[in-house]
Amino acid sequence: MSSKITQGSKKFFVANAALFLGGLVTFGAEYCVQPIIPVFTQDFGLEPASASLAVSFGTAGMACSMILIALFAKILPRKTIMTLALVAASVLAIFISLQESFGAILALRFIQGMFLAGFPSIAVAYISEEFDARIVGTVTGIYIAGTSVGGLFGRILLSFFTDVFDWRAALTILGAAYLIMSTAFVLILPKPGHVLGTSTTQGNLGKIFRNARLMTVYLIAASAMGVFVCTYNFISYVLIAPPFNLSQTQIGLIYFLFLAGTAASAIMGRLADNIGNGKTLLTSILIMIAGVALTCAASLALKLSGVALVTYGFFGAHSAAASWVGKLDDSDKARLAAGYMFFYYVGASVFGSLGGKFLSAFGWSGVAIFMTAVLLIALTMCIKLLRKV
C-alpha cells in the first residue's frame, strides 16, 4: 500500500487541483439555475416557491442518492463514481436546456442531482482516506473552495449568457464547459490506494444514526445549508424589484460574493485544524446570523454585505462540519460523508423552498426571521455539542 499524500508533495498539488475542478463542476452544475429562478417565474407563470423547485429538485435528488451511497459506500470505486457523477451531470445540463415544460425540467434536475451526489460524498471520503490526517482539514477547505468557485462562476456565467442569448443557450454552453473540466479531472486525479472498507455487504446505517454527536453535526450542517440556499434563492426577487431594479447580469455579479466563501473554506479549514472543529463551527454560525440581520438593511451596500457574511459563515461551517464527521465515528468514511450529505441536501431542499412561502406572505423580512430561527436552533445544538466533547 502506498503512503498517504503529504503536504508539499507532487501528489498533494495534483490531487488538490483535481478535487478543486470536481467541486467546481459539481456545484456549478447543481446551482447554476439559481439566479434564473425569477426568469422561470416569468416564463412559466410560477410563484417564487414553485420556481425555486428547480433548485430543490436537484438537491432532493442528491439527498435520495446519498442513501444508496451510504448503504454501499464500502464497495464503491472512488474515482469511477466521481467521474460518472461529473460527466452525467454535465450532459444532463445540456438536456435540461432543451425541455419545453417546467415539469420535465424538474424531472431532469432530480436525475441530475442523483448523479451529482456521487461526487461530494466520495470526494470527502477520498480526502479522509488518501491524505495525511494532519492536513485533512486543510485539504477539505481547498476542496470546498472549489465548490464555492464553481457556484460563483456557474451562476455568473449563466446570468450573463441568459442576458446575451437566453437561459437555454446559457445552460448548453455551461454543460459543454463542465464536460471539458470533467475530462481534466479524470486525467489528473491520483488513483485511490487507501480505501478503508472492503466488505461487499451493505453498511449498517443504524450505527451512524445512533451516534448522537454525529447526528448533531449532520443537523447543524442541514440548517446552515438550508439558510444559505434560501438566501440566494430569494434575494434576487428583492434586488430585481424597486428601488434596486437590477438586471439579470447584475444579479449574476452578486455571486462574486462567493469569493468570501472561497476564502472562508481555506481559512476556516485551517482554523479547524488549529482550534478544533466545534469552535470553528460555532463561530461560523454566529457570522451567518449577523449576515442575515444585515440583509434587512435598506441600503444595497449593507444588504450585499449581509449576503457576503452569510456566504462566509456558511462555507466556514461546511468546511468545519465536513472534516469533523470523520473524527466522530470510525465507520467507513464514504458512508459517514454520504450521511452528512443526505442531511445537508435535505436542508437545502426543504428550507430552500420553504423560504418562498415566507417571501410571498411577509416579504424579505419574513424570510430573514425564518432563517434566523433556523440558525438559532443550529447554534443551540452546537453549544450543547461543545459541552460534550
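See above for the structure.
Read on for a plain summary of the structure.

The rules behind the values
Within each chain, residues carry numbers counting from 1 in the order of the written sequence. Only residues with pLDDT of at least 70 are given local features in this predicted model, and only at 80 or more are side-chain atom pairs given and counted; all residues enter the totals for whole chains, interfaces and linings. Water and hydrogen atoms were dropped before computing side-chain values, which therefore reflect all heavy atoms in the structure. Numbered from the N terminus, helices here are DSSP runs of H or I no shorter than four residues, and strands are runs of E no shorter than two. All radius of gyration figures rest on C-alpha atoms, and the globule criterion is 2.2 Å times the number of residues raised to 0.38. Think of it in three bands: residues with accessible area under 20% of the maximum for their type are buried, residues over 50% are exposed, and the middle band is partly exposed, with areas taken using a 1.4 Å probe on protein chains only. Contacts between residues were defined by any pair of non-hydrogen atoms, one from each residue, lying within 4.5 Å. Under the counting rule used here, the positive set is Lys and Arg, the negative set is Asp and Glu, and His together with the chain ends is not counted. A charge is said to be at NZ when it belongs to Lys, at CZ for Arg, at CG for Asp and at CD for Glu. Take the residue count of a helix, subtract one, and multiply by 1.5 Å to get its expected span. Pairing of aromatic rings covers Phe, Tyr and Trp, the last through its six-membered ring, and needs centres within 6.5 Å; plane angles under 30 degrees mean stacked, over 60 mean edge-to-face, and all others mean tilted. The term nonpolar core refers to a set of buried residues drawn from Ala, Val, Leu, Ile, Met, Phe, Trp, Tyr and Cys, joined through side-chain atoms within 4.5 Å. The disulfide definition used here is simple: a pair of cysteine sulfur atoms within 2.5 Å. Take a side-chain nitrogen of Lys or Arg and a carboxyl oxygen of Asp or Glu: if they are within 4 Å of each other, that pair is a salt bridge. All axes are obtained by fitting lines to C-alpha atoms, using only the stretch in contact for helices, and the reported angles, taken between N-to-C directions, cover 0 to 180 degrees. Here the word oblique covers every angle except those under 35 degrees (roughly parallel), over 145 (roughly antiparallel) and from 65 to 115 (roughly perpendicular). Each crossing gets its handedness from the near helix: less than a right angle anticlockwise from the far helix is left-handed, clockwise is right-handed. Charged means Asp, Glu, Lys or Arg here, nonpolar means Ala, Val, Leu, Ile, Met, Phe, Trp, Tyr, Cys or Pro, and polar covers whatever is left, Gly included.

Turning our eyes to something else, we now look at the overall build of the chain. A tally of helices and strands in the chain yields 17 helices and 0 strands. Its C-alpha radius of gyration of 19 Å places the chain within 12% of the 21 Å reference for a compact globule of 389 residues. In terms of its C-alpha atoms, the chain occupies a principal-axis envelope of roughly 60 × 45 × 40 Å. The buried share among the 389 residues of the chain stands at 59%. Partitioning the contacts of the chain with sequence separation of at least 6, the portion at a separation of at least 24 is 83%. Computed over 24 positive and 13 negative side-chain charges, the inter-centroid distance for the chain is 11 Å.

The next subject is helix α14 (residues 277–294). Here α14 is 18 residues long and its end C-alpha atoms lie 26 Å apart, about the 26 Å a rise of 1.5 Å per residue gives. Turning to α14, its buried residues are Asn277, Gly278, Thr280, Leu281, Ser284, Ile285, Met288, Ile289, Gly291 and Val292. Tucked inside the fold, the buried residues of α14 contact α11 (212–239), α13 (258–275), α15 (300–328) and α17 (364–388).

All chains considered together, the criterion is met by 27 aromatic pairs. The interplanar angle of 80° and the centroid separation of 6.5 Å between the aromatic rings of Phe153 and Phe256 together place this pair among those described as edge-to-face. Remark: Phe256 occurs in the loop between α12 (248–253) and α13 and Phe153 occurs in helix α8 (residues 136–164); sequence separation between them is 103 residues. Classification of Phe153 by relative accessible area gives partly exposed; the value is 39%. Its relative accessible area of 39% is what places Phe256 among the partly exposed residues.

Position of Ile67 relative to the elements: it lies in helix α4 (residues 53–71). The class of Ile67 is partly exposed, set by a relative accessible area of 29%.

Here we come to the nonpolar core. Core analysis: the biggest nonpolar cluster contains 129 residues, and Phe131 and Tyr345 have the highest contact counts within it. If you tally residues by element for this core, the top one is α11, at 19 residues. Setting aside its immediate chain neighbours within four residues, Tyr345 contacts Phe27, Tyr31, Thr59, Met62, Ala63, Met66, Pro120 and Met225.

Going through the model one piece at a time under the given rule, you end up with 0 disulfides. We note that Cys64 lacks a disulfide partner, and the nearest cysteine sulfur, in Cys32, lies 20 Å from it. Residue Cys230 stays outside any disulfide, its sulfur separated by 12 Å from that of Cys296, the closest cysteine.

It is worth spelling out unusual backbone geometry at this point. Cis peptide bonds are those with omega within 30 degrees of zero, and the linkage from Pro242 to Pro243 qualifies with 5°. Within the secondary structure, Pro243 sits in the loop between α11 and α12. Positive phi outside glycine occurs at Asn245, with the angle close to 50°. Mapping Asn245 onto the fold places it in the loop between α11 and α12. A residue is classified by how much of its surface remains accessible, and Asn245, at 46% relative accessible area, is partly exposed.

This part covers helix α5 (residues 78–96). The α-helix winds at 3.6 residues per turn, so residues separated by three or four positions along the chain end up facing the same way. The first and last C-alpha atoms of α5 sit 27 Å apart over 19 residues, in line with the 27 Å expected at 1.5 Å per residue. Every buried residue of α5 is accounted for by Arg78, Ile81, Met82, Thr83, Ala85, Leu86, Ala88, Ala89, Ser90, Leu92, Ala93 and Ile96.

For the structure on display, the rule yields 4 salt bridges. Linking Arg78 and Glu129 is a salt bridge whose minimum nitrogen-to-oxygen distance equals 2.7 Å. Here Glu129 lies in helix α7 (residues 120–130) and Arg78 lies in helix α5, a separation of 51 residues in the sequence. Using a relative accessible area of 0% as the deciding quantity, one classes Glu129 as buried. Close ionic contact of Asp132 with Arg134 constitutes a salt bridge, the shortest N to O distance being 3.0 Å. We classify Asp132 as buried; its relative accessible area is 15%.

In this section: the packing of helix α1 (residues 10–31) against helix α6 (residues 102–116). Closest axis-to-axis distance for the α1/α6 pair is 10 Å, and the angle between their directions is 160°. Taken together, α1 and α6 sit at an angle that is classed as roughly antiparallel. Handedness of the α1/α6 crossing: left-handed. Counted together, Thr26, Ala29 and Glu30 of α1 and Arg109, Gln112, Gly113 and Leu116 of α6 form the full contact between these two elements. A class-by-class count of the residues in the contact of α1 with α6 yields 2 nonpolar, 3 polar and 2 charged.

Keep in mind these numbers describe shape, not what the thing actually does.
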